[in-house]
Amino acid sequence: DPLSRSGEDYWRGKLWGNINALAAGSLASYAALVRDRDAALSAELAELAEAVRGRWLTTVLRGLEEKHFFFENFEPARGEPRGAAPFTGWTAASVVLLL
């Protein structure tokens, strides 16, 4: 994305709870949908869903442990908490959905 990290990039490049929850859930749903037709693809999608889920939960819970708050979003390279805090919107909701 040529506009990433230039000017006001509030929605560009950061890690967001709502997007991670949607991605993990969609991958898991599609894995279940294709299970009978393509077992290898289903397994790959399920593995990817679990990776997204696990990495997101690790990132959020590490931030919660270190800072004692849920944060609005996270820096993508190192997973450092960013944005509003305390933030119990989609970040907290994503944890509840993915646990």
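Residues numbered from 1 in each chain as written. Predicted model: local features only at pLDDT ≥ 70, side-chain atom pairs only at ≥ 80, totals over all residues. Heavy atoms only, no water.

Draft legend 1. How the structure looks around the packing of aromatic side chains. Per the counting criterion, the structure on display carries three aromatic pairs. A ring pair is formed by W16 and W90, whose centres lie 5.7 Å apart and whose planes are at 75°; its orientation type is edge-to-face. Separated by 74 residues along the polypeptide, W16 in strand β1 (residues 15–16) and W90 in helix α3 (residues 90–98) bring together distant segments of the chain. Among the residues examined, W16 registers a relative accessible area of 4% and is labelled buried. Residue W90 is classed as partly exposed on the basis of its relative accessible area of 28%. (Phe/Tyr/Trp six-rings, centres within 6.5 Å; stacked < 30°, edge-to-face > 60°. Helix = DSSP H or I, 4+ residues; strand = E, 2+ residues; numbered from the N terminus. Buried < 20%, exposed > 50% of the residue type's maximum accessible area, 1.4 Å probe, protein only.)

Draft legend 2. Structural view of helix α2 (residues 39–67). Across its 29 residues, α2 extends 42 Å between first and last C-alpha, which sits within 8% of the 42 Å expected from 1.5 Å per residue. Within α2 the residues assigned to the buried category are S42, L45, A49, V52, W56, L57, T59, V60 and G63. Along its buried surface, α2 packs onto β1, α1 (17–34), β2 (73–74), β3 (81–82) and α3. Residue H68 follows α2 closely and has a positive phi angle near 65°. (Expected span 1.5 Å × (residues − 1). Contact = heavy atoms within 4.5 Å.)

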